[in-house]
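# Geometric and topological summary
Letter by letter, the chains look like this.
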2 protein chains.
Amino acid sequence: MAGSGFHRVKIHLTDGEELEIEVDESLSLLENLLRNGVLIDNLCGGRGLCGKCVVKIISGKTSPMTDQEKRWRKILGSDIRLSCQVRILSDAEIELKGVSRAIEGKILTWGLQEITELKPLTRSKKIRLRKPTLQDQKGDLERLLEAAGTRHYDPLIISELSRSMRKSDFEVYVIQRGEEILDVISAEGNAGRLFGVAVDIGTTTIVGYLYDLETGKNLAIESAYNGQIKFGEDVISRVDYARKSAENLRSLQGAVVNTINEIIEKLSEKARIEKHRIYDVVCAGNTTMLSLLLGNDCYYGSHAPYPPPFTSSVEVKARDLGIKINQRGYVKTVPSISAYVGGDIIADILASKLHKYPGKAALIDLGTNGEIVIKADDLLLSTSCAAGPALEGYGVKDGMRAVKGAIETVVIDEFGKSYYKVIGGGRPRGICGSGIIEAIAWMRIRGIIDGSGKLIEESSEKVVRGPEGLRFVIASAKESATGRDIAITQQDIRKIQLAKAAIYAALLTLSRISRIRLEELEKIFVAGAFGNYLDIFASQVLGMLPDIPREKFSFIGNGSVAGASLILLSRDAAEEAQRISKEVRSIELNTIKDFQEEFIKATHIPHMDKELFKNTLKAIESLR
Amino acid sequence: MAGSGFHRVKIHLTDGEELEIEVDESLSLLENLLRNGVLIDNLCGGRGLCGKCVVKIISGKTSPMTDQEKRWRKILGSDIRLSCQVRILSDAEIELKGVSRAIEGKILTWGLQEITELKPLTRSKKIRLRKPTLQDQKGDLERLLEAAGTRHYDPLIISELSRSMRKSDFEVYVIQRGEEILDVISAEGNAGRLFGVAVDIGTTTIVGYLYDLETGKNLAIESAYNGQIKFGEDVISRVDYARKSAENLRSLQGAVVNTINEIIEKLSEKARIEKHRIYDVVCAGNTTMLSLLLGNDCYYGSHAPYPPPFTSSVEVKARDLGIKINQRGYVKTVPSISAYVGGDIIADILASKLHKYPGKAALIDLGTNGEIVIKADDLLLSTSCAAGPALEGYGVKDGMRAVKGAIETVVIDEFGKSYYKVIGGGRPRGICGSGIIEAIAWMRIRGIIDGSGKLIEESSEKVVRGPEGLRFVIASAKESATGRDIAITQQDIRKIQLAKAAIYAALLTLSRISRIRLEELEKIFVAGAFGNYLDIFASQVLGMLPDIPREKFSFIGNGSVAGASLILLSRDAAEEAQRISKEVRSIELNTIKDFQEEFIKATHIPHMDKELFKNTLKAIESLR
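Quantities reported herein were computed from a predicted structural model and do not represent experimental measurements. (Residues numbered from 1 in each chain as written. Chains lettered and ligands numbered in written order. Predicted model: local features only at pLDDT ≥ 70, side-chain atom pairs only at ≥ 80, totals over all residues.)

What follows covers the overall build of chain A. Counting secondary structure elements, chain A contains 16 helices and 26 strands. For a compact globule of 624 residues, the expected C-alpha radius of gyration is about 25 Å, and chain A comes in at 26 Å, within 12% of that figure. Dimensions of chain A along its principal axes, counting C-alpha atoms only, are 90 × 65 × 55 Å. The contacts of chain A with a sequence gap of at least 6 include a subset with a gap of at least 24, amounting to 69%. (Helix = DSSP H or I, 4+ residues; strand = E, 2+ residues; numbered from the N terminus. Rg over C-alpha atoms; globule rule 2.2 N^0.38 Å. Contact = placed C-beta atoms within 7 Å.)

Attention shifts here to the relation of the copies chain A and chain B. The relation between the two chain copies is a rotation about an axis coupled with a shift along that axis. Here chain A sits on chain B after a turn of 180° about the axis and a move of 0.0 Å along it, with an RMSD of 0.1 Å. Expressed as a symmetry operation, the mapping of one chain copy onto the other fits a two-fold axis. If distances are taken from each C-alpha of chain A to the rotation axis, the shortest is found for A:Asp320, at 4.4 Å. Both copies share a contact surface, since 100% of the interface residues of chain A are interface residues in chain B too. (Least-squares fit on C-alpha atoms with pLDDT ≥ 70 in both.)

All names here are of chain A. Strands sit in the order 25-24-15-16-17-26 across an open sheet of six strands; the sheet is mixed. The open sheet terminates on both sides in strands that have one partner only, identified here as strand 25 (553-557) and strand 26 (584-586). Strand after strand, the sheet turns through a mean of 20° between neighbouring axes, direction not considered. Pairing geometry for strand 24 (residues 523-528) and strand 25, over four bridges, is parallel. Within the sheet, the bridge partner assigned to Ala 527 lies in strand 25 and is Gly 557. Sitting on the sheet, helix 9 (residues 343-352) touches strand 15 (361-366), strand 16 (369-376), strand 17 (379-386), strand 24 and strand 25, and the angle it makes with strand 15 is about 130°. (Pairing = 2+ DSSP bridges. Axes fitted to C-alpha atoms, helices over the stretch in contact; angles between N-to-C directions.)

Moving on, we come to the domain arrangement of chain A. All names here are of chain A. The domains assigned to chain A are domain 1 (6-103), domain 2 (122-186), domain 3 (197-333) and domain 4 (358-624). A straight line from the C-alpha centre of domain 1 to that of domain 4 covers 27 Å. With 14 residues of domain 1 at the contact, the number on the domain 4 side is 13 residues. (Domains from an automatic or database assignment.)

Residue and element names in this part refer to chain A. Strand order in the open sheet formed by three strands is 21-22-23, and the pairing between neighbours is antiparallel. At either margin of the open sheet sits one strand with a lone partner, and together these are strand 21 (463-466) and strand 23 (486-489). Each neighbouring strand pair of the sheet contributes to a mean axis angle of 45°, computed without reference to strand direction. Relative to strand 23, strand 22 (residues 469-475) runs antiparallel, the two being bridged by four bridges. Paired with Phe 472 across the two strands is Ile 488, which belongs to strand 23.

The next subject is the pairing of strand 24 (residues 523-528) of chain B. All names here are of chain B. Counting buried positions along strand 24 yields five of six residues, so the element is predominantly enclosed. Bridge count between strand 15 (residues 361-366) and strand 24: six bridges; the pairing is parallel. Residue pairing in the sheet places Asp 365 in a bridge with Ala 527 of strand 24. (Buried ≥ 20, exposed ≤ 12 C-beta atoms within 10 Å, placed from the backbone.)

Residues and elements named next belong to chain B. Every buried residue of helix 2 (residues 67-76) is accounted for by Glu 69, Trp 72, Ile 75 and Leu 76. Angular distribution of buried residues about the axis of helix 2 spans 115°; they occupy a single face of the element. Contacts made by the buried residues of helix 2 are with strand 3 (54-59), strand 4 (80-82), helix 12 (536-542) and helix 16 (614-623). Just beyond helix 2, the residue with positive phi is Gly 77, at close to 120°. (Arc of directions from axis to C-beta.)

For the rest of this paragraph, the subject is the environment of B:Gly370. Residues and elements named next belong to chain B. Looking at where Gly 370 falls in the secondary structure, it is placed in strand 16 (residues 369-376). A C-alpha to C-alpha distance of 17 Å links Gly 370 and Val 239, two positions 131 residues apart in sequence. Excluding residues within four positions of it along the chain, Gly 370 makes contact with Asp 365, Ser 384, Cys 385, Ala 387, Ala 502, Ile 503 and Ala 506.

The next point concerns the interface of chain A and chain B. Facing the 35 residues of chain A at the interface are 35 residues of chain B. The set of elements that each furnish at least two residues to the side of chain A that touches chain B consists of helix 3 (140-148), helix 4 (158-167) and strand 13 (315-317) of chain A. Top element by residues in the side of chain A that touches chain B is helix 4 of chain A. It accounts for five residues. Of the residues that constitute the side of chain A that touches chain B, the class distribution is 19 nonpolar, 10 polar and six charged. (Nonpolar A, V, L, I, M, F, W, Y, C, P; charged D, E, K, R; others polar.)

Let us look at the environment of A:Thr150. Residue and element names in this part refer to chain A. Among the structural elements, Thr 150 can be located in the loop between helix 3 and helix 4. For Thr 150, a count of 15 C-beta atoms within 10 Å puts it in the partly exposed group. Here Thr 150 is in contact with Leu 145, Gln 176, Glu 179 and Ile 181, once residues within four sequence places are set aside.

Residues and elements named next belong to chain A. Across chain A, the average pLDDT comes to 91, with 95% of residues at or above 70. Contacts of residues 101-113 to residues separated by more than four positions or lying in other chains number 29 contacts, the stretch itself having pLDDT below 50. Quick note on the complex model: pTM equals 0.87, ipTM equals 0.86. (pLDDT = per-residue confidence, 0-100.)

Moving on to the nonpolar core. One finds A:Ile474, B:Val199 and B:Ile474 to be the most contacted residues of the largest nonpolar core, which totals 393 residues. Apart from residues lying up to four places away in sequence, B:Val199 is in contact with B:Ile206, B:Val207, B:Gly208, B:Ile260, B:Val281, B:Val282, B:Cys283, B:Val561 and B:Ala564. (Core = buried A, V, L, I, M, F, W, Y, C linked by C-beta atoms within 7 Å.)

All right, on to the pairing of strand 10 (residues 205-212) of chain A then. All names here are of chain A. When you tally the buried positions in strand 10, you get seven out of eight residues, the bulk of the element. Here strand 10 runs beside strand 11 (residues 218-225); their pairing, made up of seven bridges, is antiparallel. Its bridge partner lying in strand 11, Val 207 is registered against Ser 223. From the end of strand 10 to the start of strand 11, which pair antiparallel, there are five residues, and Gly 216 there has a positive phi angle of about 80°.

Residue and element names in this part refer to chain B. Where helix 9 (residues 343-352) contacts helix 14 (residues 571-583), the two axes come as close as 10 Å, and the packing angle between them is 120°. Here helix 9 and helix 14 pass one another in a crossing that is right-handed. Taken together, the residues of helix 14 that come into contact with helix 9 (itself represented by Ile 346, Ile 349 and Leu 350) are Ala 573, Glu 576, Ala 577, Ile 580 and Ser 581. (Left-handed = near helix turned anticlockwise from the far one by under 90°.)

Structure, rendered in structure tokens:
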């Protein structure tokens, strides 16, 4: 059908699904995609500026390469095209490379695609009990235990038991967690449904995923800033605060419990389920977060010789923590490795399968506590570093979480004008972590900041002086939803510099301890709350991710909550997490003498040692 | 030294202890005993009337038998003397037979003498932990579990764990219940002390015994009326009340929990111990009481086919019930047999060792719910009957618990004058169960009531007519502490008649089912809150206990709390209770057609069938 003006294009989406659309050869591929509801990211309005709308042409005739495309090929790979630049001239087959929200919700569950078998610890079983007679006066409890084939039960079931058994004529749903009976429900309607929640307790952000434990289906996702943040932005300041008094410790514990309860409340509202049908909560988090959840200040874990309060998977009744699910249900922690390498890393490894990766590979979890694992041969080495909450939009002047109204992706043109995309559309209210990273990277490309991170006042009219010093305006008061400028301040840039330096220096240090050069890594899994949307190129310009080819990076999204989800949904995964926790060796960066120096060198953008970011610097040049 | 006027007398006390005193041959033995602090019961001021101050002369010369003594010999045995009548004329050896309070406190723990080995489930162990180093960064919890050799712990220990370990330089007391670690206390002073409480949840009265779990020593005893009594005096009315609404059920559960908490509060004050050092509470009680404790109304247990909510030993965290001991401690129920034969009976059997008795024997637990067990050959048959709270002094006009100020023993002379003894001395405030039984028995002996229980107005000037009908005055307003008469009303007598009839009829019916005549019983264990002080003769006159020789009776006191104590103090006893619960067969009296008729015949005093109480009737005659 070449030359007819209309062609059929088969599209491979990023999540492995396929679809077919009809394209008009007189329009750009981007326009055709958007008209067909494939909402591929694009910021610059088709000017070939932002490098977001990337595709790969597998077969078919296309319009010739533009200068913009040639430029981006150097950065994004020699086989890509920009969909805003290319036109399709025959029937074709293409692959989307840029982030697409065509199938919303699915992208967020990356890392979960590998659940082959649903095997939750907590399950529902329909049982018909024999009715009591004068010859069989067995107790209701003993009748139940015999029929269920167990001796373990929560004694709180006794109060409702007799009535539940008779309400449905001795046919009941038994909710059992491992051996323990948690609930007995009369077998009426969908009474036997049961749910679980996987939680990532981040230092800054807490994320919860709600699952139907019978289908394994994710029903809702919610997140909130960790309520502890008002007592201290990083782990150390919270430990110090908790240490001061028993009351302080209780406040911290109460704050995390409250935040989890808020998330559970919102999850159950969103999915329209009853909270008392939730029987299981699996929490991943760093060692301090999990300790505070259980009311331990983790003080000794932050002082040599750094013994953590616990590393195993602790199971505690929801009622004992005040977590508002079914009161006979459980909260379980993901096992951890040490005071510095927590259950979040185990969850990340589980979700990424790093421990089974055949070659040399690394995992970077970008959070307030940045965590790094390197796998070389059979050795798994892990460490963590304090990055601070800035990468999650906290403590940055106009920062916010990656929720509706946040600028999540930004590109800046040669005139200093920003093009951005707002989550949920509409006017921006602030800027989230991924947006901040991209903004600073483009400020560096456009010369608005120099390599030391200093704002250059005369570089652009968007650099203005306010009461707190210089700042760079991304969205003016006229454009924003708040009636105030949305800007990046010099202080914001400093916070991001410290965060990214910590992460890069930790990776570099750990790779040296593992005797691996970064170029040798065949795969780098990137996890974190914003992992899905993180722009690799921007992260490299910033000097946060290492200067290695982009195809080696693999985003696993929030690996921590993904791993917690796997544990929630599969006993096998729970066992695997146990095994992983025995395999990983933990390194304390404070004990490594080169770390401080590497950290200082890494505060530059991208890095003081230009040799480490050769390709990135070349790309920056090419875009100017 | 005969004839010298002073002699040495060796005395065997009822609890097996011995002492020696010097006696003046010019005074009665009773006077000599009292002068030497041996406080043997006596009511009638040495007139040989009450038959309380009984002794047996093993060797030595004595004054000749008086008429009073000859009379009592027919009732109490041909080898007895009344200490108020006999004078000792040479060095002698005697045995006290009457109840003595010489060694106060000890008597109340009857039934516990047989604890041969202290082996509590909960124990304290001092452990020295290896200190963490950079080479050994194990978690505090994992360090503890390894040293204690267990994998089980209450997750609530985590909050205090790290600090407790370091407070005493890694030497700690570990409080372990079976496999589970309940607490970790820094090893300072007597930090490792731990206590337990055995509780009998009676329908009317709740009794608690506090023990030191390391020495097995009983530290305090407390009791209180069951707070549920305001919702219904017997089991059935409480079940009905609970059934009406979930709120009612919660009120009943709350009431028993509150009463237990009050008792625990008083116990720990009395013994000057900290409540949080109590880790274990073992509760005996009938099936309904134990069900209400766990929040189940036991409704189906009171309707055919009478399945109870549970019969096994249920263990529940104190915090889950709101019992105010250490919040990681446990409350455990004694196993039961059926809806009608509860954990109190298992406890009674355990305390009396009835199940091991070589011959034919019976056990009667005199409570609001009367319980009977008969052992014939290898068969243990058990039943229960509703006696009501009158035997415990509840619902009787001037009734009260057996505490300070209660008339606990009474004798009435031929002129209708009462002689009585008040618990703790002083003026009486009311009359407790044992006093009521003796009063009514003596009213029958003195012809103040007839065989049908009717008060005879003209029989004595102490029978007076008040607004609520006739009543018999035991202590006049002038004598009492309240300024009002303490009297037994016609209604009181009716309540006691119903109570005692239920018990006797149940015993008789069960003996028939067992194909045993009452005379064949070699032993009758009598348990109950007032079991220690119950006068056998008075109980036989009343027709509550059967007309068989007094030496066949053996009082075990509150067998229910004694059995619970055994379970608290010994894992072997706990296992034995399990075995007993499998051995006993439960009989539902409602299903036995003769029971109603036997009940009616037994309401007479002593009984409509004079043949059944031949000896008792003869004794009544001889005392007139």
